[in-house]
Amino acid sequence: QAAGPFPDEGVRARMAGTPRNPAATPKPRRSQATTVAIKPGATRELRELLAQREAEVALIGAIQQGISDKLDFKAIVDLVGDKLREVLHTEDIGIRWYDAEGNLIHYLYEYEHGVRHHIPPNPPVPGGRWETMAKTGMPVIANTAAEIEALGISVVPGTDDRSLSMVQMPIRSGARIVGKIDLE
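Residues numbered from 1 in each chain as written. Predicted model: local features only at pLDDT ≥ 70, side-chain atom pairs only at ≥ 80, totals over all residues. Heavy atoms only, no water.

Asker: Is there a simple way to explain the packing of aromatic side chains in this structure?
Answerer: For the structure on display, the rule yields 3 aromatic pairs. The interplanar angle of 40° and the centroid separation of 5.2 Å between the aromatic rings of tyrosine 98 and tryptophan 130 together place this pair among those described as tilted. In this pair, tyrosine 98 sits in strand S3 (residues 93-99) while tryptophan 130 sits in helix H3 (residues 129-136), placing the two residues 32 residues apart along the sequence. With relative accessibility at 21%, the residue tyrosine 98 sits in the partly exposed group. (Phe/Tyr/Trp six-rings, centres within 6.5 Å; stacked < 30°, edge-to-face > 60°. Helix = DSSP H or I, 4+ residues; strand = E, 2+ residues; numbered from the N terminus. Buried < 20%, exposed > 50% of the residue type's maximum accessible area, 1.4 Å probe, protein only.)

Asker: Which parts of the structure should I look at to understand the confidence of the model for the chain?
Answerer: Predicted coordinates in regions of low pLDDT should not be interpreted in detail. Here the chain averages 75 in pLDDT, and 71% of its residues register 70 or above. Ranking the helices and strands of the chain by mean pLDDT puts strand S4 (residues 104-112) first, with 94, and strand S1 (residues 11-13) last, with 38. Confidence over residues 1-32 falls short of pLDDT 50; this stretch has 32 contacts with residues more than four positions distant or in other chains. (pLDDT = per-residue confidence, 0-100. Contact = heavy atoms within 4.5 Å.)

Asker: I tried to follow the pattern of salt bridges on my own but got confused; where do I start?
Answerer: Where charged atoms of side chains with opposite charge meet at close range, the side chains can pair. Counting across every chain of the model gives 6 salt bridges. A salt bridge links arginine 116 to aspartate 78, with the shortest nitrogen-to-oxygen separation between them at 3.1 Å. Of this pair, arginine 116 sits in strand S5 (residues 115-117) while aspartate 78 sits in helix H2 (residues 73-88), and the two are 38 residues apart along the sequence. We classify arginine 116 as partly exposed; its relative accessible area is 25%. Overall, aspartate 78 belongs to the partly exposed group, its relative accessible area being 21%. One salt bridge in this structure joins glutamate 110 and arginine 96, with 2.8 Å as the shortest N-O distance. (Salt bridge = Lys/Arg side-chain N within 4 Å of Asp/Glu carboxyl O.)

Asker: Any chance you could explain the pairing of strand S8 (residues 176-183) here in plain terms?
Answerer: Look at any regular strand and the pattern is simple: side chains alternate between the two faces of the sheet. The buried fraction of S8 amounts to 7 of the 8 residues, a majority that puts the element mostly inside the structure. Bridge count between S3 and S8: 5 bridges; the pairing is antiparallel. Residue pairing across strands places isoleucine 95 opposite isoleucine 181, the latter belonging to S8. As defined by bridge partners, strand S7 (residues 166-173) adjoins S8 across 7 bridges and the pair is classed as antiparallel. Counterpart to arginine 172 in the pairing with S8 is isoleucine 177. Adjacent in sequence and paired antiparallel, S7 and S8 are bridged by 2 residues, among which glycine 174 carries a positive phi angle near 65°. (Pairing = 2+ DSSP bridges.)

Asker: Sorry, what's going on with the sheet that holds S8 here?
Answerer: Across a sheet, paired strands are connected by hydrogen bonds in the backbone, their directions being either parallel or antiparallel. Spatial ordering of the open sheet is given by S5-S4-S3-S8-S7-S6, a layout of 6 strands whose pairing is antiparallel. Each edge of the open sheet is held by one strand with a lone partner, namely S5 and strand S6 (140-142). Looking at each pair of strands side by side, their axes are set apart by 15° on average, direction ignored. Packing against the sheet, H2 makes contact with S3, S4, S5 and S8, and its axis sits at approximately 45° to S4. Those strands touched by H3 are S3, S4, S6, S7 and S8, and its axis lies near 125° from that of S8. (Axes fitted to C-alpha atoms, helices over the stretch in contact; angles between N-to-C directions.)

Spelled out as structure tokens, the structure:
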């Protein structure tokens, strides 16, 4: 049991920007930091969580900086892709964009085994994963190579088929799915 002012709840940490006097605490707002109860022995988990949040904030900051620097769309996609590779510690990632007029999926950012690939646009497979994701808005997750095969996910020409697991996350613009991010 941790010693301190709140022995029944473990250690308490006061986040920067919160008043010491609880009576002086204004109504909470989304952007306002709050008091967090920390269980004894949770230091490692807390550090991991904080590191993850710092990486997320850095990603958002880098994207905002890219937009404020008036980068073009391609440069922003490259910036996002590079940051995602860094934050997620992966060498296998793809950012794909759907062109509804041409009925083509554009491979804007494709890395496999740390090597950049330039893949020409392809039409989505009729009834395939893209159409399902576009209709449902739900990610596609496969935890094993067998699940990938069962989902009928095909190998992109010029890449290999050694994926042991994967996730495809939709990219939204309002209610529409306009692209996806693929991770292996």
